[in-house]
Amino acid sequence: MQRTADNWRMRAAGVALLGAIGCQSGNTTGGAPAGSAAPAAASAAPTASAAPTASAAPTASAAPTASAAPAAGSAAAAASAMPASDISLTSESVLKVMNPKRREPYSGPTGTLRGRVTIKGDPPPDTRLSFPAGKCGEAAATYGRLFRVGQQNALADALVTVVNYSGYVPEREEAEKVTIHGCAFSSRTVAMTFGQRLEVANLDPLESYMPNLEGAPFMAVLVAMPQGEAVKFHPPQPGYYHLVDKMPKPFLKSEVFVLKFATHDVTGLDGQFEIKNIPVGKVLTAALLPAIDQDVKKEIEIKEGDNTLDFELTFDLAKYTEKKGAKTPSP
């Protein structure tokens, strides 16, 4: 399948993110060294000695080129040694990546980080996409603008991560769940931990979909029947993927980040996030909006119990279009 320049740009940005914070690093009691299981083609990912710091933020200028992005073939090659039946949170093949030193799960004091991500500046421009009339009631609201903004500048679909703590924190949920309704995924950004399965359920009463995880090995086309059983995917390695519909509805997609740590969340239309079970101490946090390849990072001290931290991004339409090298879209 021919990918557009924007698809490759997003994939390159994803590789940059995973190269910089693709693994919980800087830990002394568990977890994989940074870059130890980076996406197959991300040869520029930092090594363990290049643990992520505030200055190692993923930026568009530092992103690998399209030729360096991990293509479906590289993911397929990894999957040949790691069949779907071997991909789970407790499987040996996954633990070799997630916890190679076989440390016991962190059992010390932990904190929960809650907050809100907002955005200021120019409003998101129109994507100029067309949507089927009638049956796709939520598609325009989800994909009609470059990114989604809720009330009081709340930013949806932002990936929030916490890294650089001491200790191995395992993922507790076996599956990351996504729904489809009105020709729209429940989120335009999906974050999951390597070893989790991705479950895609269709909530529509009549419309069917054919979800597919691009970047993973191609399987027989699976149909998400109306209000039926969820379609399941097992990403074969940490990396960046596209969740799309093969019916096709070209606008129906989500960016999927399969990470090597469990401390992450994605904001909804209220801009809120919550990340639990973070070992106390100094950590590096980040909020990334994939749609515009922009992030903001903060180093904070996690204390036992509740912790609060807000992020604010800024969108400058002129700078964004200049960086893209595209004609400025109409607001």
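Throughout what follows, the structure given in this document is the object of discussion. The structure presented is a predicted model; accordingly, all values stated were derived computationally and were not measured.

Below, the discussion takes up the side chain of Ser254. The topology assignment puts Ser254 in strand 9 (residues 253–259). Separated by 2.4 Å, the side chain of Ser254 and the backbone oxygen of Ser187 make a polar contact. The contact partners of Ser254, leaving out residues within four places of it in the chain, are Phe185, Ser187, Arg188, Val190, Tyr241, His242 and Leu243.

With that settled, consider the environment of Lys232. Inspection of the secondary structure puts Lys232 in strand 7 (residues 231–233). Between the alpha carbons of Lys232 and Asn212 there is a distance of 9.7 Å; along the sequence they are 20 residues apart. Here Glu229 takes part through its side chain, which lies 3.4 Å from a polar atom of the side chain of Lys232.

Judged by how many residues are buried, strand 8 (residues 239–245) sits mostly within the fold: seven of seven residues are covered. Side chains of strand 8 alternate between two faces, with Gly239, Tyr241, Leu243 and Asp245 and Tyr240, His242 and Val244 buried alike. Here strand 6 (residues 211–214) pairs with strand 8 via four bridges, running antiparallel. Bridging from a neighbouring strand, Pro211 pairs with Asp245 of strand 8. Taken together, the six bridges between strand 8 and strand 9 define a ladder with antiparallel strand orientation. If you follow Val244 over to strand 9, its bridge partner there is Lys253.

Read from one edge to the other, the open sheet built from four strands follows the order 10-2-12-13, with strand pairing classed as antiparallel. Looking along the sheet, the strands with just one partner apiece sit at the ends: strand 10 (264–266) and strand 13 (294–302). Between one strand and the next, the sheet's axes are offset by a mean angle of 15°, whatever the strand orientation. In this sheet, strand 10 lies alongside strand 2 (residues 159–163) in antiparallel orientation, the contact comprising three bridges. For Leu159, the partnering residue across the bridge sits in strand 10 and is Val266.

Reading guide: rules and limits
All chains use their own residue numbering, which begins from 1 and follows the written sequence. Reporting of local features is limited, given that this is a predicted model, to residues whose pLDDT is at least 70; pairs of side-chain atoms are given and counted only at 80 or more, and all residues count toward the totals for whole chains, interfaces and linings. Calculated side-chain values reflect all of the structure's heavy atoms, with hydrogen atoms and water omitted. Labels follow the DSSP assignment, with helices taken as runs of H or I lasting at least four residues and strands as runs of E lasting at least two, numbered in each case from the N terminus. Polar contact is defined as a pair of N or O atoms within 3.5 Å, subject to the rule that within protein one atom must be able to donate a hydrogen and the other to accept it, and that residues adjacent in sequence are counted only when both atoms are side-chain atoms. Any pair of residues with heavy atoms lying within 4.5 Å of one another is described as a contacting pair. Note on classification: 1.4 Å probe, protein chains only; a residue is buried when its accessible area is under 20% of the maximum for its type, exposed when over 50%, partly exposed between these limits. By the convention used here, strands pair only if DSSP detects at least 2 bridges between them. Helix axes use the C-alpha atoms of the stretch in contact, all axes being lines fitted to C-alpha atoms, and the angles between their N-to-C directions lie in the range 0 to 180 degrees.

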